[in-house]
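Structural overview
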Amino acid sequence: MNLKLLSAYATWILILLNILVFMAANIGGAADMLALSGSPAVDMAEPWRIVSYMFLHTYPVHLFCNIVALLFIGALYESRLSGLSMTAVYILAGIAGGLAFIAAGSVAQGDIRLSGCSASILGIGACVLCNRRRPMSHWRFILFAALAIAATGVAGPNPAGSLAHVAGIIAGALAGRLHKPQPAADSSINPTLLNKIEQSGFSSLSASERADLFMNNRR
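All values derive from a computational prediction rather than experimental measurement. (Residues numbered from 1 in each chain as written. Predicted model: local features only at pLDDT ≥ 70, side-chain atom pairs only at ≥ 80, totals over all residues. Heavy atoms only, no water.)

1. Things to note about helix α5 (residues 60–80)
For an α-helix, 3.6 residues make a turn, and residues three or four places apart therefore share a direction. In this model α5 runs 30 Å from its N-terminal to its C-terminal C-alpha over 21 residues, within 8% of the 30 Å that 1.5 Å per residue would give. Among all positions of α5, only L63, N66, I67, L70, L71, G74, A75, L76, Y77, E78 and R80 are buried. Packed against the buried residues of α5 are α1 (9–28), α6 (83–105) and α7 (118–130). (Helix = DSSP H or I, 4+ residues; strand = E, 2+ residues; numbered from the N terminus. Expected span 1.5 Å × (residues − 1). Buried < 20%, exposed > 50% of the residue type's maximum accessible area, 1.4 Å probe, protein only. Contact = heavy atoms within 4.5 Å.)

2. Some words on the confidence of the model for the protein chain
Scored by pLDDT, the protein chain has a mean of 82; 76% of the residues are at 70 or more. When pLDDT is averaged over each helix and strand of the protein chain, the minimum, 67, is found for helix α11 (residues 207–217) and the maximum, 95, for helix α4 (residues 49–52). (pLDDT = per-residue confidence, 0-100.)

3. Things to note about the packing of aromatic side chains
In the structure shown here, the tally under the stated rule is 1 aromatic pair. Judged by centre distance (5.3 Å) and plane angle (35°), the ring pair of F55 and Y90 falls under tilted. Separated by 35 residues along the polypeptide, F55 in the loop between α4 and α5 and Y90 in helix α6 bring together distant segments of the chain. On the basis of relative accessible area, Y90 is assigned to the buried category, the value being 0%. (Phe/Tyr/Trp six-rings, centres within 6.5 Å; stacked < 30°, edge-to-face > 60°.)

4. Some remarks on the packing of α6 against helix α9 (residues 159–178)
In the contact formed by α6 and α9, the axes pass within 7 Å of each other and the chain directions differ by 145°. Between α6 and α9 lies a crossing whose hand is right-handed. Taken together, the residues of α9 that come into contact with α6 (itself represented by V89, L92, A93, A96, G97, A100, F101 and A104) are A160, G161, L163, A164, A167, G168, A171, G172 and A175. Along the lines of polarity and charge, the residues of the contact of α6 with α9 split into 13 nonpolar, 4 polar and no charged. (Axes fitted to C-alpha atoms, helices over the stretch in contact; angles between N-to-C directions. Left-handed = near helix turned anticlockwise from the far one by under 90°. Nonpolar A, V, L, I, M, F, W, Y, C, P; charged D, E, K, R; others polar.)

In structure tokens, the structure reads:
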């Protein structure tokens, strides 16, 4: 699998936003205003939290781990689909995770907070696995394994956070299944040429292959 990390532009923009928010929140002391509070009344009165929390990290180690995961999973997504749709899934899965956290917070005991882009990252990964346009092999096994691992945390010390992860995975999986496949390619075009262009670019074609492609396109 060819992951072009440097050309995953949307992924790098999201990483930069996470770093900038981390720096701003810790320097300016605004972390408490950006994280989800776990109180439905507070989160509904300050609706920006449902988006800001997914760019906020309280600890450097948390930021670093999520950045590494986002880099590789985001690059995988962008190698198969568009960066714009990846950004949309990031937001969608993050919102789904946030709503699940708020719902859990309405019945949870104690002071809880949610920050970080874990739900978004898991949603992006689930979307890649389940995407109808560019399906991956064995996606069901991998998806169910991820769901099982995330779900086990619901019975742990941070059930609301684990529930957010589960919601992010489900939202990403649904986004992938709802993505419309591309129309079937023209059967007159050699599929080997199309695959070669997709993997290595048009410049990788030989002169005879380019001529063949050009003649097929004129039909």
